Amino acid sequence: MVWVLLLLLAWAVAGAACTRLCLAAVRAAAVDENAGRGHDLTLYEAAFLSGGPGRVADLTMVSMARQRRLVLARTGWATVVDPRGRDEMERSVIGAIGPEGQSRIAPARAAAAAADAVGGLADRLVRAGLAVPDGARTTVAAGVRQVRAAAVAVLALGAIALLVPATPDMPRNLVALWFALPLALTLSCLAIARVEVHPYSRWASPAGQRLLGALARRTGGTGDDRTYLTSVAVRGIRAVGEPDLRAAFAHREQYGRD
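Just so you know, these numbers come straight off a predicted model, no measurement behind them.

A. Structural context of the overall build of the protein. On a plain count of helices and strands, the protein comes out with 10 helices and three strands. In the protein, which comprises 258 residues, the proportion classed as buried is 46%. Within the protein, contacts between residues at least 6 apart in sequence are counted, and of these 73% link residues at least 24 apart.

B. A look at the environment of alanine 214. Mapped onto the secondary structure, alanine 214 falls in helix α8 (residues 206-219). Residue classification places alanine 214 among the buried residues on the basis of a relative accessible area of 19%. Note: C-alpha distance between alanine 214 and aspartate 40 (174 residues apart in sequence) is 9.3 Å.

C. Region of the structure containing the packing of helix α3 (residues 88-97) against helix α4 (residues 105-113). Put simply, α3 and α4 touch, their axes get as near as 8 Å, and they point 135° apart. With respect to each other, α3 and α4 are oriented oblique. The handedness of the crossing between α3 and α4 is right-handed. Side by side, α3 and α4 meet where Ser92, Val93, Ala96 and Ile97 of the first sit next to Ala108, Ala111 and Ala112 of the second. Of the residues in the contact of α3 with α4, the class split is six nonpolar, one polar and no charged.

D. A look at the sheet that holds strand β2 (residues 77-80). An order of β1-β2-β3 is seen for the three strands of this open sheet, with the pairing classed as antiparallel. The sheet is open, and its two edges are formed by β1 (70-72) and β3 (102-104), each paired on a single side. The mean angle between the axes of side-by-side strands here comes to 20°, regardless of whether they run parallel or antiparallel.

E. Here's a closer look at the pattern of salt bridges. Summed over all chains, the structure comprises seven salt bridges. A salt bridge links arginine 69 to glutamate 90; the shortest N-O distance between them is 2.6 Å. Placement of the pair is arginine 69 in the loop between α2 (43-66) and β1 and glutamate 90 in helix α3, with a sequence separation of 21 residues. For the pair arginine 69 and glutamate 90, a shared accessibility class is recorded, and that class is buried. The residue glutamate 88 makes a salt bridge to arginine 124 at a minimum N-O spacing of 3.8 Å.

F. Main features of the environment of arginine 246. Among the secondary structure elements, arginine 246 is positioned in helix α10 (residues 243-249). Spatially, the C-alpha atoms of arginine 246 and arginine 74 are 7.7 Å apart, while their sequence positions differ by 172 residues. Excluding residues that lie within four positions of it along the chain, arginine 246 makes contacts with Ile237, Arg238, Ala239 and Val240. In this structure the side chain of arginine 246 is engaged in a polar contact, spanning 3.4 Å, whose partner is the backbone oxygen of isoleucine 237.

G. The packing of α2 against helix α9 (residues 225-235), seen in detail. Packing of α2 against α9 leaves a shortest axis separation of 7 Å and a crossing angle of 135°. Judged by the inter-axis angle, α2 sits oblique to α9. The crossing of α2 and α9 is right-handed. Packed against α2, whose contacting residues are Leu43, Ala46, Ala47, Ser50, Arg55, Leu59, Val62, Ser63 and Arg66, the element α9 presents Asp225, Arg226, Tyr228, Leu229, Thr230, Val232, Ala233, Val234 and Arg235 at the interface. For the contact of α2 with α9, the class distribution of residues is 10 nonpolar, three polar and five charged.

Reading the values: rules and limits
- Residues numbered from 1 in each chain as written.
- Predicted model: local features only at pLDDT ≥ 70, side-chain atom pairs only at ≥ 80, totals over all residues.
- Heavy atoms only, no water.
- Helix = DSSP H or I, 4+ residues; strand = E, 2+ residues; numbered from the N terminus.
- Buried < 20%, exposed > 50% of the residue type's maximum accessible area, 1.4 Å probe, protein only.
- Contact = heavy atoms within 4.5 Å.
- Axes fitted to C-alpha atoms, helices over the stretch in contact; angles between N-to-C directions.
- Parallel < 35°, antiparallel > 145°, perpendicular 65-115°, else oblique.
- Left-handed = near helix turned anticlockwise from the far one by under 90°.
- Nonpolar A, V, L, I, M, F, W, Y, C, P; charged D, E, K, R; others polar.
- Pairing = 2+ DSSP bridges.
- Salt bridge = Lys/Arg side-chain N within 4 Å of Asp/Glu carboxyl O.
- Polar contact = N/O pair within 3.5 Å; in protein donor to acceptor, adjacent residues only side chain to side chain.

Okay, here's the thing in structure tokens:
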């Protein structure tokens, strides 16, 4: 009964992979229901929860450019007009551009995103239960990859079982049906992870997502500068309306998008 041994192995692989993913998802979602209560997101916090460190750098540059304290040329260069940063994020951008006051936008953005100011912002959001820790993001992603590999392994084991000479008391279609059960388990687990984990596993925790939704509702319908910057924080550079400013950020692809 070689096929039985192969079936047991298929169940073991599928069960271990799905268990690991479920545990990782539970840890990632294990946020106090009261997390974020009474917390008003700043624009920098909204940017991080929506798009991570790169989004924070984008928001800072766009804000400074709108105040004419930073020139972002459509050729992909940034020039500092006012070297006095008004907060630690702006000082990080100015420092990333360099002492000469001019730099390509892409490397300056990458350096600003990796600055201590952004790292401190991330730590505060994690402690507040609004952001997903790096380890949790990595664990969930690794769990999804393992379940995908398990699904492939179950298919391979099932194919091997069908190639083994059949016994009179066990038709091949019944063997295939038995192997369909662990395969259904892995595919169902992937489907659930896609719906339940994927929307918030990258940066924001469920509590962080709730605050982002509330921020969007509070700023909706007005046309002031904060509403504009809120759109950039939540949606990224695609929310920028000025063609020249959008063209300036088009040179960042070689350093990766958010």
